[in-house]
Amino acid sequence: MKRLLLALLLLLAACSAPAAAPAPPATPQPTADPPPALGTNGAAVPALHWAPCHSGFQCTPASVPLSYREPKGKAITLSVIRLPASDPSRRIGSLFFNFGGPGTDGVGELARFAARYPDELRARFDLVGFDPRGIGGSAPISCPGADHPPAIPSPLQQPDAFFAASAAPGKACAAGSGDLLAHLSTANVARDMDLLRQAVGDPALNFYGYSYGTYLGGTYANLFPDKVRAMTLDGTLDLVANATGKPGQEKQPVDVRADVATAQQQELEQFFTVCAAAGPKCAFAGGDLKAKFAGVFAHASRGPGVSSLMRTIDSALYQSGRWKRLAETFAALPAGPGAASPVLDPYVPTHSPNFLAVQCVDSDNPSSPADYAALAASESKRQPYFGLGAVFSMAQCVGWPAHDADRYTGPWNRARKNPVLVLNNRFDPATPLHNAQATAAELGDGRVLVVDGYGHTSLDVHSACATAAVVRYLADLAVPAEGASCAPDTVPFP
């Protein structure tokens, strides 16, 4: 009984005891910042600090490695621009642009062309451009004196002097730019673009590339195949031809591998056809236009005027809006009977240091003057008007003083989630339709849309049909049907 009473008293005491004070809350532990996002070989993604620029645009610098082999080593600063999407509630992401070249800046070109793009595209995407490394505001190369070189001698009459003069820009760039020249390949530009993609917060890239920009797009699509959402290539280089060529093409320069001369010849013949159909609207109309031009060329070939004539034609073929003036030029020139004399002073395109600094490290070209001489003999017979220009157009790369070990040479068909849209004019003198078709096959997932116009890229051949197809693709990932084509909105001789 006593034991029972004692147990009851203890139980009552326990029930009436004051409750224990609650334990103090745990002291919040500081949380570490998330590790920075990383790109190729652990390169840090740059922080972007946008500020107003160019009346409605925003600009920022972006730091990227000079060499992706040393991602924490020396850095360079890129110049970047964007036009924010006009409808943020429907925004898909960023759309990156490259306007060609190589050597063309991206900041100024986007500010120049952005208003051309349809409202739907500008509503759904931030439009983003950047100056590729070595160009414009992005660690530009320095090549003292190379922007205004002296006249280059004839490659056929003075081959030694021609190749010596052609090598001068490379020597100037080596003196002024040093190690930078060895890091300017398109592959490194693609790596920069992937850092910028991450910096703007996009899980995958949307891209629109023109001309050389198609090579940048094709390179990115194979370096980062799992990071591609949508990609439009407009005026498309043959990826294999631009890089290395196929087996057996080792002694052919880029434009011969791409057969640019045939594309130029085909467009010139289209000029004759369209001019004849235009009648009085074309100053050169009347009679057999091919024969009339042959007489103009033959007369020019007997004097110093053939180079000037072909330079004029080369420029006019880029934009059919120049065809009216070209017809007037042909009509005003004297013609001579008989066959043309062998051309001894051909038109040879020369390129800016910015162009050469990229193209000469991206592409294989023959290094022996003897290879060029052999090609000149055969190509001038195959394509009498344009063959020599294609042979010597990359002669300035002979002996180029830099090599980028990190350039990309394939494979070009890595699997991607969505197809690539390949847009090309039917008659393009710089990036022929056969190049676009080759690249679509090389990619393995390219879908070709042809604009039935003349000139280089859709920037110079507007087509509402093609524009609508591009918007559907970029916004909704809907590709045109196989074999689709679009009409241009204007004609050369209205």
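Keep in mind the model is a prediction, meaning the values are calculated, not measured.

Brief notes about the packing of aromatic side chains
By the definition in use, this model includes 27 aromatic pairs. Ring centres of F271 and W323 lie 5.5 Å apart, and the angle between their planes is 80 degrees; on these two criteria the pair is classed as edge-to-face. Of this pair, F271 sits in helix 10 (residues 260-278) while W323 sits in helix 13 (residues 323-332); the two residues are 52 residues apart in sequence, bridging distant segments of the chain. Of the two residues, F271 and W323, both sit in the buried class. Taking 4.9 Å as the distance between ring centres and 45 degrees as the angle between the ring planes, the aromatic pair formed by W323 and Y454 counts as tilted.

Focus on empty space enclosed by the protein
With the rule as written, the count across this model stands at one cavity of 30 Å³ or more. If you add up the space inside the largest cavity, you get close to 30 Å³. Here the lining of the largest cavity is composed, by residue class, of six nonpolar, four polar and no charged.

Topic: helix 15 (residues 369-382)
Over its 14 residues, helix 15 runs 20 Å from end to end, which matches the ideal 20 Å to within 8%, given 1.5 Å per residue. Maximal helix bending in helix 15 amounts to about 25 degrees, located at A376. Among the residues of helix 15, D371, Y372, L375, A376 and E379 are the ones counted as buried.

Some details on the environment of V228
Mapped onto the elements, V228 comes out in strand 7 (residues 228-234). Taking the C-alpha atoms as reference points, V228 and R407, separated by 179 residues in sequence, lie 20 Å from one another. Not counting chain neighbours up to four residues away, the residues in contact with V228 comprise A204, L205, Y220, A221, R416 and N418.

Digging into the confidence of the model for the chain
Residues of the chain with pLDDT of at least 70 account for 93%, and the chain-wide mean is 92. For residues 1-34, every residue scores under 50 in pLDDT, and the model assigns this stretch zero contacts once sequence neighbours within four places are set aside.

Examining the pairing of strand 2 (residues 57-65)
With three bridges joining them, strand 1 (residues 51-53) and strand 2 adopt antiparallel strand pairing. Along strand 2, the bridge assignment pairs A51 with C59. The antiparallel pairing of strand 1 with strand 2 creates a hairpin that spans three residues between the two strands, and H54 there sits at a positive phi of about 50 degrees. As paired elements, strand 2 and strand 3 (residues 75-83) share eight bridges and run antiparallel to each other. Following the sheet pairing, P65 is matched in strand 3 by A75.

Remarks on the side chain of S166
You can see S166 is positioned in helix 4 (residues 159-166). Owing to a relative accessible area of 1%, S166 belongs among the buried residues under this scheme. Looking at S166, its side chain comes within polar contact range of the main-chain oxygen of F162, at 2.8 Å. Those residues within four positions of S166 in sequence are excluded, and the remaining contacts are I152, A395 and Q396.

With respect to the side chain of D234
With respect to the element layout, D234 can be found in strand 7. Buried D234, no salt bridge; nearest opposite-charge side chain is R116, N-O distance 9.6 Å. Of the polar contacts made by the side chain of D234, one reaches the side chain of Y208; its length is 2.8 Å. In this structure the side chain of D234 is engaged in a polar contact, spanning 2.4 Å, whose partner is the side chain of S458. Those residues in contact with D234 that lie beyond four places of it in its chain are Y208, G209, Y210, S211, T214, L423, T457 and S458.

Quick look at the sheet that holds strand 9 (residues 446-454)
Spatially, 1-2-3-5-4-6-7-8-9-10 is the arrangement adopted by the 10 strands of the open sheet, whose pairing is mixed. The open sheet has two edge strands, strand 1 and strand 10 (485-486), and neither has a second partner. With five bridges joining them, strand 4 (residues 93-98) and strand 5 (residues 125-130) adopt parallel strand pairing. Counted as the bridge partner of G93 is F125 from strand 5.

Thoughts on the pattern of salt bridges
Scanning all chains against the criterion turns up 16 salt bridges. A salt bridge links E120 to R90; the shortest N-O distance between them is 2.8 Å. Of this pair, E120 sits in helix 3 (residues 119-124) while R90 sits in the loop between strand 3 and strand 4, placing them 30 residues apart in sequence. Since its relative accessible area comes to 31%, E120 is described here as partly exposed. On the accessibility criterion, R90 (33% relative accessible area) is partly exposed. A salt bridge links R382 to D259; the shortest N-O distance between them is 2.8 Å. With R382 in helix 15 and D259 in the loop between helix 9 (254-257) and helix 10, this pair connects stretches of sequence that are 123 residues apart. Using a relative accessible area of 39% as the deciding quantity, one classes R382 as partly exposed. Each of the salt bridges in this network shares a partner with another, and the network as a whole consists of D87, R90, E120 and R124.

Definitions and limits used
- Residues numbered from 1 in each chain as written.
- Predicted model: local features only at pLDDT ≥ 70, side-chain atom pairs only at ≥ 80, totals over all residues.
- Heavy atoms only, no water.
- Phe/Tyr/Trp six-rings, centres within 6.5 Å; stacked < 30°, edge-to-face > 60°.
- Helix = DSSP H or I, 4+ residues; strand = E, 2+ residues; numbered from the N terminus.
- Buried < 20%, exposed > 50% of the residue type's maximum accessible area, 1.4 Å probe, protein only.
- 1 Å grid on protein atoms, 1.4 Å probe; cavity = no way out; pocket = protein on both sides within 12 Å on 5 of 7 lines; lining within 4 Å.
- Points joined across faces, edges and corners; volume = space filled by probe spheres on them.
- Nonpolar A, V, L, I, M, F, W, Y, C, P; charged D, E, K, R; others polar.
- Expected span 1.5 Å × (residues − 1).
- Bend = angle between axes of the 7 residues up to and from the residue.
- Contact = heavy atoms within 4.5 Å.
- pLDDT = per-residue confidence, 0-100.
- Pairing = 2+ DSSP bridges.
- Polar contact = N/O pair within 3.5 Å; in protein donor to acceptor, adjacent residues only side chain to side chain.
- Lys, Arg positive; Asp, Glu negative; His and termini not counted.
- Salt bridge = Lys/Arg side-chain N within 4 Å of Asp/Glu carboxyl O.

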